[in-house]
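Results of the structural survey
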Amino acid sequence: NIDYTTFWRYIHKKSSIPLMFFKKLSEIYNIDLKSYFEYLESGSLKNNVKIIKFVNEDLAKVLGAISADGNLRKRKTIFKENENSYHYELVLREEYLDNCLAFCKWFNNLFDFNLRPIDRKNHYEIYVSNKSIYLILNKIFNIPSGRKTETVRVPDFIMKSNRKIKIAFLTGLFMFDGSVEYRNCYVSLVSKSKDLIFDVKESCPVNNTG
């Protein structure tokens, strides 16, 4: 459904081809092309993002950390006089540098990215402005956009995953929203989301009565 000149320009002049082309191609010829994709490109900076093809521990840790202390947001902005432009962002703030460095390591392994923490006055910040990453986290892995304090939950596919994936999710979650009482070794998680607390209790791969 495109002319030859446009297709030639995709192949020879552009660094990527619109996904809609492959969607139409797969529909017309009834073929599955998903396994052939490795990276997505988005934005004026042409940032490449590695496509997630399976659930692993890095993904689970990243989702746990975002569920605890992260925030997805889509905000309207004016770009080159286009009033319908948006910024797609992931923001995470944390007191401890080691936690941010750990998150960046998981994130970079996952998306083949070059994410680094930003040193603010009294905290560290993780900031990502990338539409592809936003949509992957929001549309595929169901991380809410905007305020999520009372609505966040453990993703359903994490609840149904194996022990290693559950532990990885809990690692990210507790690293950013949990605590350990050194006097008695009690581990605690505090959240305004009642559903998140009960999901964690249900998904926890240890004996809840111990």
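As a reminder, the structure under discussion sits directly above these lines.
In this report, the structure presented in the accompanying data block is examined. (Residues numbered from 1 in each chain as written. Predicted model: local features only at pLDDT ≥ 70, side-chain atom pairs only at ≥ 80, totals over all residues. Heavy atoms only, no water.)

1. Re a nonpolar patch on the surface
- Nonpolar side chains collect at one region of the surface, where Ile2, Phe7 and Ile11 lie side by side and expose about 230 Å² of accessible area between them.
- Within the element layout of this structure, isoleucine 11 appears in helix 1 (residues 4-12). (Patch = residues over 30% accessible without salt bridge, like charges linked within 9 Å, V, L, I, M, F, W, Y side chains within 5 Å. Areas by Shrake-Rupley, 256 points an atom, 1.4 Å probe, with all protein chains shown as cover. Salt bridge = Lys/Arg side-chain N within 4 Å of Asp/Glu carboxyl O. Helix = DSSP H or I, 4+ residues; strand = E, 2+ residues; numbered from the N terminus.)

2. Structural notes on the pairing of strand 8 (residues 186-189)
- Where strand 7 (residues 178-181) meets strand 8, four bridges bridge the pair, whose relative direction is antiparallel. In the strand pairing of strand 8, serine 179 is matched with serine 188.
- In this structure, the hairpin formed by strand 7 and strand 8 is closed by a connection of four residues, where cysteine 185 is found at a positive phi of approximately 65°. (Pairing = 2+ DSSP bridges.)

3. Brief notes about the state of the cysteines
- Counting across every chain of the model gives zero disulfides.
- Residue cysteine 100 stays outside any disulfide, its sulfur separated by 6.6 Å from that of cysteine 104, the closest cysteine.
- On the basis of relative accessible area, cysteine 104 is assigned to the buried category, the value being 4%. (Disulfide = S-S within 2.5 Å. Buried < 20%, exposed > 50% of the residue type's maximum accessible area, 1.4 Å probe, protein only.)

4. With respect to the packing of aromatic side chains
- Within the structure shown, the criterion is met by 10 aromatic pairs.
- An angle of 85° between the planes, with centres 5.1 Å apart, marks the rings of phenylalanine 22 and phenylalanine 37 as edge-to-face. Of this pair, phenylalanine 22 sits in helix 2 (residues 19-29) while phenylalanine 37 sits in the loop between helix 2 and strand 1 (39-42); the two residues are 15 residues apart in sequence, bridging distant segments of the chain.
- Under the relative-accessibility criterion, phenylalanine 37 is labelled partly exposed at 21%.
- On the numbers, 5.7 Å between centres and 80° between planes, the contact of phenylalanine 107 with phenylalanine 113 is edge-to-face.
- Here phenylalanine 107 falls in the buried class, since its relative accessible area comes to 0%.
- For phenylalanine 113, a relative accessible area of 23% puts it in the partly exposed group.
- Among the aromatic side chains, those forming a connected cluster through ring pairs are Phe103, Phe107, Phe111, Phe113 and Phe176. (Phe/Tyr/Trp six-rings, centres within 6.5 Å; stacked < 30°, edge-to-face > 60°.)

5. Overview of the pattern of salt bridges
- Within this structure, the stated rule accounts for 10 salt bridges.
- Where lysine 23 meets glutamate 27, a salt bridge forms, and the shortest distance between an N and an O atom there is 2.7 Å. With a gap of four residues between them, lysine 23 and glutamate 27 both fall in helix 2, about one helical turn apart.
- Residue classification places lysine 23 among the partly exposed residues on the basis of a relative accessible area of 44%.
- Owing to a relative accessible area of 53%, glutamate 27 belongs among the exposed residues under this scheme.
- A salt bridge links arginine 153 to aspartate 199, with the shortest nitrogen-to-oxygen separation between them at 3.0 Å. Placement of the pair is arginine 153 in the loop between helix 5 (131-140) and helix 6 (156-159) and aspartate 199 in helix 8 (residues 194-203), with a sequence separation of 46 residues.

6. Some points on the environment of phenylalanine 176
- For phenylalanine 176, the position within the fold is in helix 7 (residues 163-177).
- Each C-alpha atom of the pair phenylalanine 176 and asparagine 99 lies 7.4 Å from the other, and the pair is 77 residues apart in sequence.
- Setting aside residues up to four positions removed in sequence, phenylalanine 176 forms contacts with Ala65, Ala68, Asp69, Leu92, Glu94, Asn99, Cys100, Phe103 and Trp106. (Contact = heavy atoms within 4.5 Å.)

7. A closer look at the side chain of lysine 61
- By the secondary structure assignment, lysine 61 is in helix 3 (residues 57-69).
- Glutamate 57 is the oppositely charged side chain nearest to the buried, salt-bridge-free lysine 61, at an N-O distance of 5.0 Å.
- Here lysine 61 is in contact with Trp106, Ala168, Phe169 and Gly172, once residues within four sequence places are set aside. (Lys, Arg positive; Asp, Glu negative; His and termini not counted.)

8. Let's talk about the packing of helix 7 against helix 8
- Put simply, helix 7 and helix 8 touch, their axes get as near as 11 Å, and they point 140° apart. With respect to the hand of their crossing, helix 7 and helix 8 are arranged in left-handed fashion. Contact residues: Lys166, Leu170, Leu173 and Phe174 in helix 7; Leu196, Val200 and Ser203 in helix 8.
- Of the residues contributing to the contact of helix 7 with helix 8, the split by class is five nonpolar, one polar and one charged. (Axes fitted to C-alpha atoms, helices over the stretch in contact; angles between N-to-C directions. Left-handed = near helix turned anticlockwise from the far one by under 90°. Nonpolar A, V, L, I, M, F, W, Y, C, P; charged D, E, K, R; others polar.)

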